[in-house]
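Chain by chain, the residues:
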Amino acid sequence: MRIVYWLGLPIVLVVAWWVATAGSTDFYVPPLQSIVAVFFDVWTLDRLRADVLPSLLRLLAGFALALLLGVGLGVLIGSRPRVRATVEPVLEFLRAVPPPVLVPVIMLFAGIGDGMKILVIVSGCVWPILLNTVEGVRAVDGVLTETARAYGLTGPARLWRLTLPAASPQIVAGARQALSLAIILMVISEMFAASSGLGYTIVEFQRSFAIPEMWTGIILLGLLGVVLSGLFRLAETAILGWYHGLRRAQKG
Amino acid sequence: MKPLLGLAGLGGFVLLLEVIPRAGLVPSRYLPPAAEIAVALGGELADAGFWAALRDTLSGWVLGLLIAAVAGVVLGLLIGAVPVLRELTASTIEFLRPIPSVALIPLVVVLYGASLQSKLVLVVYAAFWQMLVQVLYGVRDVDPVADETARAYGLGRAARIRHVLWPTALPYVMTGLRLAAAVALILCVTGELGIGAPGLGARIAVAQSSGAIPDLYALIVVTGLLGVAINVGARAVERHALRWHQSVRGEAAV
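Reading the values: the criteria
Residues numbered from 1 in each chain as written. Chains lettered and ligands numbered in written order. Predicted model: local features only at pLDDT ≥ 70, side-chain atom pairs only at ≥ 80, totals over all residues. Heavy atoms only, no water. Helix = DSSP H or I, 4+ residues; strand = E, 2+ residues; numbered from the N terminus. Rg over C-alpha atoms; globule rule 2.2 N^0.38 Å. Buried < 20%, exposed > 50% of the residue type's maximum accessible area, 1.4 Å probe, protein only. Contact = heavy atoms within 4.5 Å. Lys, Arg positive; Asp, Glu negative; His and termini not counted. Charge placed at Lys NZ, Arg CZ, Asp CG, Glu CD. Core = buried A, V, L, I, M, F, W, Y, C linked by side-chain atoms within 4.5 Å. UniProt positions renumbered as here; feature names shortened; annotations may be inferred. Buried area = accessible area lost by both parts, 1.4 Å probe. Salt bridge = Lys/Arg side-chain N within 4 Å of Asp/Glu carboxyl O. Polar contact = N/O pair within 3.5 Å; in protein donor to acceptor, adjacent residues only side chain to side chain. Nonpolar A, V, L, I, M, F, W, Y, C, P; charged D, E, K, R; others polar. Axes fitted to C-alpha atoms, helices over the stretch in contact; angles between N-to-C directions. Left-handed = near helix turned anticlockwise from the far one by under 90°. Phe/Tyr/Trp six-rings, centres within 6.5 Å; stacked < 30°, edge-to-face > 60°.

1. Quick word on the overall build of chain A
Regarding its fold elements, chain A presents ten helices and zero strands. Along its sequence from the N terminus, chain A presents helices and strands in the succession α-α-α-α-α-α-α-α-α-α. In summary, chain A has a C-alpha radius of gyration of 23 Å against a globular reference of 18 Å for 252 residues, an excess of more than 25%. A total of 252 residues make up chain A; the buried ones form 44% of that total. For chain A, restricting intrachain contacts to residue pairs at least 6 apart in sequence, the fraction spanning at least 24 positions comes to 75%. Considering chain A, the positive charge centre built from 19 side chains and the negative charge centre built from 14 side chains are found 13 Å apart.

Encoded structure:
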């Protein structure tokens, strides 16, 4: 029964797409059949290695850097009220800048290489993580803080055993927002100026009017988004398992 | 004390922007001093083309957000209130939601070109999922006792949606709206930047390709201020709509 629920609507939608476009003569909306037919011709292993792998590596590098930077700065800022009051307006402003508009600026500084693309991803992803970490660190339970102090827990031990675990639900929520931004920025940075990468390839298909190939690229990008969010959920379950269990227990 | 520190922080930030290029730490053709950016900003404000671009960006943002919000709330309430629908749509929603809306850029370019429609497709797609998922969470949060009570008092489906479901879901709807408003701005400007649809993003692209670097920075500052205004506005709307709610009343009492 579950399987019917899970697969029912997707199958109906795909069939509807297939039927609706079966006799399509619209150049830009090719039949699904011909999209599927070219999919495996376009995305061969070589192609995946040449175009998708570099994109993914840049995405991971940018996301990891943003995570390090965001959590590091967030803990610093969050645990010092005066620093927080000083930098908060600036952070709010920097966060409000739509990240893609920084692409032209970062291109000025870093050219159009891998560094620029990673920087673009970091510059957009760091804000949700940073601000969520600040909030999470700020909201650490006062009783726990006092207890930790009474037991003489200081320095790295305190950070590792009290602050980070207590803030982790917030940090993970920020990281989830950051991940979807990272995918957007990965594609945007490659659409602007690149000679490889998934975003570049899709735009190339579009410019050369290889429309079914362009559709396969869009579908691949969609699948990538789904896989990444699935992986994120696995990581979240591993990291926050204790927290979700606690919440369930509290709700009774 | 707190606002003063914040002002000092902002002042320091502007000062840094002024000093770093002047001291030659960064070439000033990459990062012009803050004063030059301010002059460029004044020039933009005096230019009719700037206001037209701002209007284009805002109209795309408002229209897209409106469509996404209405569609998200209506579909969310409908799907959330009918368990079979919820089960049936769960996998599809989970699948469609993580698809980055920028993946649609090449598609809307060939379908609609550099027009308002292409921008709207991107904005609506991105903002819709934020709304829908929040509404679904909100509907799931309904207190079964309250719902049963309403049923026992003979309230019909419409009345239960109005008096039980909607007030429960409203805080979630407001959070969704806040997230969607920010995402809609990002996608709006991205669409203009990437597709060339008229608006601030397109103006940024022109400033970049013509080497008008101070103008480039001035326009980026404008988009940032726009983002701040949208965040502040969304928070105000949220507080107003939820002034009866525990979270807001609690805040006011402290």
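Now, onward.
2. So, the nonpolar core
It is characteristic of soluble globular proteins that their nonpolar side chains tend to be buried jointly. If you look at the biggest cluster of nonpolar residues, it comprises 133 residues, and the most contacted ones within it are A:Trp43, A:Leu198, A:Met214, A:Leu221, B:Trp61, B:Leu187 and B:Leu200. If one sorts the elements of this core by residue count, helix α8 (residues 157–195) of chain B sits on top with 17 residues.

3. Brief notes about the UniProt feature "domain: ABC transmembrane type-1" (unreviewed entry) in chain B
UniProt records the feature "domain: ABC transmembrane type-1" (unreviewed entry) for residues 54–238 of chain B in the present numbering. Between the C-alpha atoms that bound residues 54–238 of chain B there is a distance of 25 Å. The span itself is 86% helix and 0% strand.

4. What about the UniProt feature "transmembrane region" (unreviewed entry) in chain A?
Residues and elements named next belong to chain A. Per the UniProt annotation, the sites labelled "transmembrane region" (unreviewed entry) are residues 56–77, 178–203 and 215–243. Along residues 56–77 one finds 100% helix and 0% strand; the C-alpha atoms at either end are 31 Å apart. For residues 215–243, the end-to-end C-alpha separation is 41 Å, with 100% helix and 0% strand making up the annotated structure.

5. Quick look at the interface of chain A and chain B
On the side of chain B, 50 residues touch chain A, which itself brings 51 residues to the contact. Between chain A and chain B, a total of about 4,500 Å² is buried, with carbon and sulfur atoms accounting for 79% of that surface. Of all residues in chain A, A:Tyr5, A:Phe93 and A:Leu108 bury the most surface against chain B, accounting for 14% of the area lost on that side. Where chain A packs against chain B, one counts one salt bridge. Between B:Glu94 and A:Arg233 there is a salt bridge; the shortest N-O distance is 2.8 Å. On inspection of chain A and its partner chain B, the count reaches two residue pairs in polar contact (both at pLDDT 80 or more). Within the residue set of the side of chain A that touches chain B, elements represented by two or more residues are α1 (2–21), α4 (81–96), α5 (102–110), α8 (155–192), α9 (198–207) and α10 (211–251) of chain A. Considering only residue class, the side of chain A that touches chain B consists of 39 nonpolar, six polar and six charged.

6. Overview of the side chain of B:Ser101
Residues and elements named next belong to chain B. Looking at where Ser 101 falls in the secondary structure, it is placed in the loop between α4 (83–96) and α5 (105–112). For Ser 101, a relative accessible area of 4% corresponds to the buried category. For Ser 101, the contacting residues outside a window of four places in its chain are Leu 122, Tyr 125, Ala 126 and Leu 187.

7. Thoughts on the pattern of salt bridges
The full count for this structure, using the stated rule, is 17 salt bridges over all chains. Residues joined by salt bridges that share partners form a network here, namely A:Arg58, A:Asp114 and A:Glu190.

8. Overview of the UniProt feature "transmembrane region" (unreviewed entry) in chain B
Mapped onto this numbering, the UniProt entry gives "transmembrane region" (unreviewed entry) at residues 61–83, 95–114, 169–196 and 216–237 of chain B. For residues 169–196 of chain B, helix accounts for 96% and strand for 0%, while the C-alpha atoms at its two ends are 38 Å apart.

9. With respect to the environment of A:Ser196
Residue and element names in this part refer to chain A. Along the chain, Ser 196 falls in the loop between α8 and α9. Considering only alpha carbons, one finds Ser 196 and Ser 55, 141 residues apart in sequence, at a separation of 8.1 Å. In contact with Ser 196, not counting residues within four places along its chain, are Ala 50, Asp 51, Arg 58 and Glu 190.

10. Some details on the packing of helix α3 (residues 48–81) of chain B against helix α10 (residues 213–241) of chain B
Residues and elements named next belong to chain B. Two elements in contact, α3 and α10, have axes separated by 13 Å at closest approach and are oriented at 40°. Relative to α10, α3 is oriented so that their crossing is right-handed. Between α3, through Phe 50, Leu 54, Thr 57, Leu 58 and Trp 61, and α10, the contact on the second element is made entirely by Leu 219, Val 222, Leu 226 and Ile 230.

11. Description of the packing of aromatic side chains
As enumerated under the stated definition, the model contains eight aromatic pairs over all chains in all. Ring centres of A:Phe39 and A:Phe40 lie 5.3 Å apart, and the angle between their planes is 65°; on these two criteria the pair is classed as edge-to-face. Judged by relative accessible area, which is 63%, A:Phe40 ranks as exposed. Ring centres of B:Tyr125 and B:Trp129 lie 5.8 Å apart, and the angle between their planes is 75°; on these two criteria the pair is classed as edge-to-face. Of this pair, B:Tyr125 and B:Trp129 both sit in helix α6 (residues 116–140), four residues apart, which is roughly one turn of that helix. Residue B:Trp129 is classed as buried on the basis of its relative accessible area, which comes to 10%. An aromatic cluster of at least three residues, connected via ring pairs, comprises B:Tyr125, B:Phe128 and B:Trp129.

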